[in-house]
Amino acid sequence: MQKLSRSKIELFVDCPCCFYLDRRLGVKRPASFPFNLNLAVDQLLKNEFDLYRVEQKPHPLMELFNLDAIPFSHPNIDIWRENFKGIEFLHQDTDFLITGAIDDLWQTPEGKLLIVDYKATSKSAKINRTSDIYSPYKRQMEIYQWLFTKNEFEVDSKGYFVYCNGIKNKPRFDRHLEFDVNIIPYTGNIDWIEPTLFDIYECIHQNKVPEPKKDCSYCKYATDAKPYIK
């Protein structure tokens, strides 16, 4: 059995060469700079939604955006949200233990689960309910939908991004960072996940490094730098 996180699946989609180097040869991509402010926003949102989870009442943002749902209460909610734990499913055909740590779960009156992902950024362009979502974010949500479906929960194909856009045009800081908050719906499609797992299985068991992806900046840097490294 091999553990395969949601982020490693995304790494394979992004560049099979980088994935192979990471999982087969132990050569990882350089670590990205930690987004500590984003993590702080995530935690504060979790704290806030947990207050309404205890009361089993809708959060004011749900009412503002006319969403008929409440935060889902479950004994495993903290495990599902914990990095390096999350929700798991053993894919028998590949022997991959697929894992993913969610941000939140909401529930409809019919009992369906809504996957919720928090995003924090600071863009000049206004973000609203019709804004396009970055493709890796979509795949992230779809993997969570797939994981909960495989764990025999009834999952709605529609999920939500709680998008917090930092406001930069205030005249003063005054030790406060303000956000324009929107809830953006997204209808997921999980059909790509299972075929991708089989592709990953074939990739990781081959004895040749896959060709670098043309638009992979990491592979391009390694290729361009190689002639100058002695």
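This text goes with the structure placed above it.
Each value, and the rule that gives it
- Residues numbered from 1 in each chain as written.
- Predicted model: local features only at pLDDT ≥ 70, side-chain atom pairs only at ≥ 80, totals over all residues.
- Heavy atoms only, no water.
- Axes fitted to C-alpha atoms, helices over the stretch in contact; angles between N-to-C directions.
- Helix = DSSP H or I, 4+ residues; strand = E, 2+ residues; numbered from the N terminus.
- Parallel < 35°, antiparallel > 145°, perpendicular 65-115°, else oblique.
- Contact = heavy atoms within 4.5 Å.
- Nonpolar A, V, L, I, M, F, W, Y, C, P; charged D, E, K, R; others polar.
- Buried < 20%, exposed > 50% of the residue type's maximum accessible area, 1.4 Å probe, protein only.
- Pairing = 2+ DSSP bridges.
- Core = buried A, V, L, I, M, F, W, Y, C linked by side-chain atoms within 4.5 Å.
- Phe/Tyr/Trp six-rings, centres within 6.5 Å; stacked < 30°, edge-to-face > 60°.
- Lys NZ or Arg CZ within 6 Å of the ring centre and 35° of its normal.

## Topic: the packing of helix H1 (residues 6–14) against helix H2 (residues 16–23)
A pair of packed helices can be characterised by two numbers: the angle between their axes and the separation between those axes.
Piece 1. In the contact formed by H1 and H2, the axes pass within 5 Å of each other and the chain directions differ by 135°. Looking at the two axes, H1 sits oblique to H2. Contacts between H1 and H2 involve Lys8, Leu11, Phe12 and Asp14 from the former and Pro16, Cys18, Phe19, Asp22 and Arg23 from the latter.
Piece 2. Across the contact of H1 with H2, the residue classes break down as 5 nonpolar, no polar and 4 charged.

## Some details on H2
Piece 1. Within the span of H2, buried status applies to Cys17, Cys18, Phe19, Tyr20 and Asp22.
Piece 2. The inward-facing, buried residues of H2 abut strand E1 (2–5), H1, helix H7 (193–205) and helix H8 (217–225).

## Section: the sheet that holds strand E5 (residues 104–107)
Piece 1. Taking strand neighbours across the sheet as the criterion, the 5 strands line up as E2-E5-E6-E7-E8 in an open arrangement whose pairing is mixed. Two strands lie at the open edges of the sheet, namely strand E2 (70–71) and strand E8 (179–187), each paired on one side alone.
Piece 2. Note: strand E6 (residues 113–121) against strand E7 (residues 158–166), 6 bridges, orientation parallel. Paired with Thr121 across the strands is Asn165, a residue of E7.

## Some words on unusual backbone geometry
Piece 1. Within the chain, Asn66 stands out as a residue other than glycine whose phi angle is a positive 55°.
Piece 2. Inspection of the secondary structure assignment puts Asn66 in the loop between helix H4 (60–64) and E2.
Piece 3. Since its relative accessible area comes to 70%, Asn66 is described here as exposed.
Piece 4. Here Phe84, not a glycine, exhibits a phi torsion of approximately 70°, which is positive.
Piece 5. Turning to its location among the elements, Phe84 is positioned in the loop between helix H5 (77–80) and strand E3 (87–91).
Piece 6. In this structure Phe84 comes out as exposed when scored by relative accessible area, which is 80%.

## With respect to the side chain of His59
Piece 1. On the secondary structure map, His59 appears in the loop between helix H3 (36–55) and H4.
Piece 2. Among the residues examined, His59 registers a relative accessible area of 4% and is labelled buried.
Piece 3. If near-sequence neighbours (up to four positions away) are discounted, His59 is found in contact with Glu48, Phe49 and Tyr52.

## Structural notes on the packing of helix H6 (residues 135–150) against H7
Piece 1. Contact geometry of H6 with H7 gives a least axis separation of 11 Å together with a crossing angle of 100°. In terms of orientation, H6 and H7 fall into the roughly perpendicular class. Across the interface between the two elements, Glu142, Ile143, Trp146 and Lys150 from H6 touch Ile193, Glu194 and Leu197 from H7.
Piece 2. Considered class by class, the residues forming the contact of H6 with H7 number 4 nonpolar, no polar and 3 charged.

## Remarks on the nonpolar core
Piece 1. Core analysis: the largest hydrophobic core is formed by 39 residues, its most contacted members being Leu4, Phe19, Trp80, Ile98, Leu105 and Phe148.
Piece 2. Non-local contacts of Phe148, meaning those with residues more than four positions away in its chain, are made with Trp80, Ile87, Ile102, Leu105, Leu113, Ile115, Phe153 and Val155.
Piece 3. With 17 residues, the next largest nonpolar core counts Leu61, Trp106, Tyr118 and Cys164 among its residues.

## Points about the packing of aromatic side chains
To describe a pair of aromatic rings, one takes the distance between the centres and the angle between the planes.
Piece 1. All told, the structure shown has 11 aromatic pairs when counted by the stated rule.
Piece 2. Residues Trp80 and Phe148 carry aromatic rings whose centres are separated by 5.0 Å and whose planes lie at 85° to one another, so their mutual orientation is edge-to-face. Pair noted here: Trp80 is in helix H5 and Phe148 is in helix H6, with a separation of 68 residues, a long-range link. Take Trp80 and Phe148: they sit in the same class, and that class is buried.
Piece 3. Clustering of aromatic rings is evident, with ring pairs tying together Phe49, Trp106, Tyr118 and Tyr160.
Piece 4. One Lys or Arg, Lys119, reaches over the ring of Tyr137 and ends 3.9 Å from the middle of that ring.

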